[in-house]
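# Descriptive analysis of the structure
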Amino acid sequence: MDRETGRPGTGLRTDPRTPSARVARTPRPRLPQGVPGAPPPPAARRPRRRGLRLSAAVGAGLLLAGGGIVAVDRLGQDRAATPLTPAGRALAAAEAGRPAALADLEALIGERRQRVRREPADRGSWAVLGAALAERAARSGAPGAYTEAERALQRSLAQGGTPDVRALTGLALLAAARQDWAGAVRWGEAARDRAPGRAAAYRVLLEAYTGTGDAKGADRALERLRKVRPGPVAEVAAAWVHRERGWREDAEATVYDAAARAATPAERAAALSRAGDLAWERGEAETALARYEGALRAEPEHDGAAAGRARALAGLGRSEEALTAWARARAAAPRPGYAVESGELLLALGRSGEAADHFALARHQAAALARDGVRQEQVLGRLEADHGDPAEAVRLMADEHRRHPGPAASGALGWALHKAGRSAEALPRLRAAVKDGPNTAQPAYHLGMAHLALGERGAARRQLTRALRLAPEFSPLHAERARRELAALGEPAWGPPPA
């Protein structure tokens, strides 16, 4: 497939999924002026917008990356009533399709709770409250928040009459936050059909379609989002789509453009956090750290940026600072994956007792979220594969792959099979994850280790080398293992093959 961007001066490229096939690497775009830590950029054209064909594994996080009240926009009456209060700012941000500050979101929730206590039959206020609660649940990951949001949204629908589109979109967001992709599609399409010109439904549908494996539907949702609400929020989503397709230069140019055009701190934080993710995946830990710290200056409560900062610090060898940063991320959002990653850092430091405590915390948090209707197969599958019962990981990931097929689930299932001693079965799934997923280090590492278990030394050497070339410190635990295995494999034997 021709992955040329069409922009002048991009350089000749072949398939970016194979590093050795790149004839000339396009320099990483410089962050435009006005973004924290960025030098003044040279004049440059924006990347050409191309038709997209999304993989089915863009992955959870597009809604969180945009980080706004996606289900409560176009509330002109409410915005006019309280334009300068924190709650009014949250409504105004939503009306413009922008993320709201978390403090403003909390103020909106408090204001709407008071209103529905005074007017319990106010369908619109229940919809606004439920949508704001759903957004907070998605951004905080707090157990119990999801059920509270669902009750408010269902209360809006229970008032009768034509369903409030804000309630429909809030239910779609809530389903997506719970990783119920079929439910997110159902509610998102209902909201879209009620109000085709609203951006909120398309943002939810973009993630929901990818979760169900409907790449064409996700492609249409992204293009429609760009038409009805062009700007940084849509561009952050587009950048992650480019990343999934291996168009790394396009992804970076797009997300840096979004950061430069951000109109609010929350909007800037979302773009800078994604810029940090892209830099981290390229093995540029210093650049990633600067981007994450810029995001945290804009929005100190941004848990994704806090987690990214922890990874970058660990990659730079600043382990104690990284552990403190992980604590900050866990405080901002008690996501089980954060406890797993901080536990692996402790394990790499030889602190196995503390690591076990973190893994126990991850299981406790996953159980609490599962009781709140949030699916936890991905994080539990990873935890069991590497630090628990690989057979249980196979069961979890086989179920997840049946529901949500795609490169991410395929790779996770393949890794679980390998860890369970079934490397021959794992190999096709791990190859699919490398071939069809984003060009990142972890899938290559997993494939290399499966080849190694099967005695396929040459293939193992290629994939492990590739993983470390993409990101030398992709994991505090597994990157060191990759280096040890490569050293044991030694250099390839040159000369003619045996007769």
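Residues numbered from 1 in each chain as written. Predicted model: local features only at pLDDT ≥ 70, side-chain atom pairs only at ≥ 80, totals over all residues. Heavy atoms only, no water.

### Let's talk about the overall build of the protein chain
Test applied: Put simply, DSSP marks the helices as runs of H or I at least four residues long and the strands as runs of E at least two long, and each gets a number from the N terminus on. The buried label applies to any residue whose accessible area, calculated with a 1.4 Å probe on protein chains only, is under 20% of its type's maximum; exposed applies above 50%, and partly exposed to all values in between. The criterion used for residue contact is that any of the two residues' heavy atoms lie within 4.5 Å. For accessible areas, the Shrake-Rupley method is used with a probe of radius 1.4 Å. Any residue's cover is judged against the shown protein chains and nothing else.
Along the protein chain, the regular secondary structure elements total 25 helices and zero strands. Here the protein chain holds 499 residues, and the buried ones make up 57% of them. Sequence-distant contacts, at least 24 apart, represent 60% of the contacts inside the protein chain between residues at least 6 apart. When the accessible surface of the protein chain is totalled, it reaches about 19,900 Å², and 53% of it is carbon and sulfur.

### Notes on the side chain of S156
Here is the rule: Side-chain atoms alone can form a polar contact between residues adjacent in sequence; in general such a contact is a pair of N or O atoms within 3.5 Å, and within protein one must be able to donate a hydrogen while the other accepts it.
For S156, the location among the structural elements is in helix α6 (residues 145-158). A distance of 3.0 Å separates the side chain of S156 from the backbone oxygen of R123, its partner in a polar contact. Ignoring any residue separated from it by four or fewer positions in sequence, one finds S156 in contact with R123, W126, A127, D164 and A167.

### A short note on the pattern of salt bridges
Filter applied, for reference: Throughout this description, the term salt bridge denotes a Lys or Arg side-chain nitrogen within 4 Å of a carboxyl oxygen of Asp or Glu.
Scanning the model with the defined rule gives 35 salt bridges in all. The salt bridge partner of E281 is R243, with a shortest N-O separation of 2.5 Å. Of this pair, E281 sits in helix α13 (residues 265-281) while R243 sits in helix α11 (residues 232-244); the two residues are 38 residues apart in sequence, bridging distant segments of the chain. Between R382 and E344 there is a salt bridge, with its nearest N and O atoms 3.0 Å apart. With a gap of 38 residues between them, R382 in helix α19 (residues 377-387) and E344 in helix α17 (residues 336-348) connect regions that are remote in the sequence. Residue classification places R382 among the partly exposed residues on the basis of a relative accessible area of 31%. Taken together, the salt bridges that share partners define one network made up of R375, E377, D399, E400, R402 and R403.

### Quick look at the packing of helix α20 (residues 390-403) against helix α21 (residues 407-419)
Cut-off, in case you're wondering: Helix axes are fitted only over the stretch in contact, all axes being lines through C-alpha atoms; the angle between N-to-C directions runs from 0 to 180 degrees. Should an angle lie under 35 degrees it is considered roughly parallel, over 145 roughly antiparallel, and from 65 to 115 roughly perpendicular; all remaining angles are considered oblique. Two helices crossing with the near one rotated counterclockwise from the far one by less than a right angle form a left-handed crossing, whereas a clockwise rotation gives a right-handed crossing. Side-chain classes follow a simple rule in which Ala, Val, Leu, Ile, Met, Phe, Trp, Tyr, Cys and Pro form the nonpolar group, Asp, Glu, Lys and Arg form the charged group, and the remainder, Gly included, forms the polar group.
Where α20 meets α21, the closest approach of the two axes is 8 Å, and the angle between their N-to-C directions is 160 degrees. The pairing of α20 with α21 is recorded here as roughly antiparallel in orientation. Of the two possible hands of crossing, α20 and α21 adopt the one that is left-handed. Where α20 approaches α21, its residues P390, A393, V394, M397, A398, E400 and H401 are matched on the opposing element by A409, S410, A412, L413, A416, L417 and K419. Taken together, the residues of the contact of α20 with α21 break down into ten nonpolar, two polar and two charged.

### Notes on the packing of aromatic side chains
Given two aromatic rings, one states the distance between the centres and the angle between the planes to describe the pair. Note the threshold: Stacked, edge-to-face and tilted are the three classes for Phe, Tyr and Trp ring pairs, Trp counted by its six-membered ring, which pair at centre distances within 6.5 Å; planes under 30 degrees apart are stacked, over 60 edge-to-face, the rest tilted.
Evaluated as defined, the whole model comprises three aromatic pairs. Both rings, one in W326 and one in Y338, keep their centres 5.8 Å apart while their planes meet at 45 degrees; by these two values the pair is tilted. Placement of W326 in helix α16 (residues 319-332) and of Y338 in helix α17 is noted, with a sequence separation of twelve residues between them. The buried category is assigned to W326, whose relative accessible area is 2%. With 5.4 Å between their ring centres and 50 degrees between their planes, Y445 and F474 make a pair best called tilted. Linking Y445 in helix α23 (residues 441-453) with F474 in the loop between α24 (457-470) and α25 (478-489), this pair joins segments that are 29 residues apart in sequence.

### Re the side chain of D104
Examined against the element boundaries, D104 turns out to sit in helix α4 (residues 102-118). Given a relative accessible area of 10%, D104 falls into the buried group. For D104, the residues in contact, after removing those within four places along its chain, are P86, A87, R89 and A90.

### Concerning the confidence of the model for the protein chain
Our working rule: Every residue carries a pLDDT, the predictor's confidence in it, which falls somewhere between 0 and 100.
Per-residue confidence for the protein chain averages 83 on the pLDDT scale, and 81% of its residues sit at or above 70. When the criterion is pLDDT under 50, residues 1-61 qualifies, and its contacts beyond four places in sequence or with other chains add up to 151 contacts. The low-confidence segment residues 64-83 (pLDDT under 50) makes 71 contacts with residues lying over four places distant or belonging to another chain.

### Here's the deal with the packing of α17 against helix α18 (residues 352-371)
Relative to each other, α17 and α18 sit at 170 degrees, their axes nearing to 8 Å. Compared by their axis directions, α17 and α18 come out roughly antiparallel. Every residue of α18 that contacts α17 at P336, A339, V340, S342, G343, E344, L346 and L347 is listed here: S352, E354, A355, H358, F359, L361, A362, Q365, A366 and L369. The residue makeup of the contact of α17 with α18, split by class, is eleven nonpolar, five polar and two charged.

### Section: α18
For clarity, the threshold we go by: Expected helix span is taken as 1.5 Å per residue step, with the number of steps being one fewer than the number of residues.
For α18, which comprises 20 residues, the first-to-last C-alpha distance of 29 Å matches the rise-based estimate of 28 Å (1.5 Å per residue) to within 8%. Taken as a whole, α18 has its buried residues at A355, H358, F359, A362, Q365, A366, A368 and L369. Contacts made by the buried residues of α18 are with α6, α16, α17 and α19. Phi for G373, located one or two positions after α18, is positive at around 90 degrees.

### Quick look at the nonpolar core
The nonpolar side chains of a soluble globular protein tend to be buried with one another. Put simply, the rule reads: For this analysis, a nonpolar core means a set of buried residues of the types Ala, Val, Leu, Ile, Met, Phe, Trp, Tyr and Cys, connected via side-chain atoms within 4.5 Å.
Formed by 48 residues in total, the largest nonpolar core has its most connected members in L108, L129 and Y146. If we skip the residues at most four places from it in the chain, Y146 touches A137, G141, L174, A177, R178, L369, D372 and V374. Of all hydrophobic cores here, the second largest spans 43 residues; its members include L313, W326, A339 and A355.

### Details of the environment of E111
With respect to the secondary-structure elements, E111 resides in helix α4. On the basis of relative accessibility, which here comes to 22%, the residue E111 falls in the partly exposed class. Taking the C-alpha atoms as reference, E111 lies 8.7 Å from L129; in sequence the two are 18 residues apart.

### Focus: the environment of P300
Looking at the secondary structure, you find P300 in the loop between α14 (285-298) and α15 (303-315). In sequence terms P300 and A266 are 34 residues apart; their C-alpha atoms lie 9.6 Å from each other.

### A look at α17
Its 13 residues give α17 an end-to-end C-alpha distance of 19 Å, which sits within 8% of 18 Å, the value for a rise of 1.5 Å per residue. All of the buried residues along α17 are P336, Y338, A339, V340, E341, S342, G343, E344, L345 and L346. The elements touched by buried residues of α17 are α15, α16, α18, α19 and α25.

### Points about unusual backbone geometry
A positive phi angle is found at Q179, which is not glycine, with a value near 60 degrees. Along the chain, Q179 falls in the loop between α7 (165-177) and α8 (181-194).

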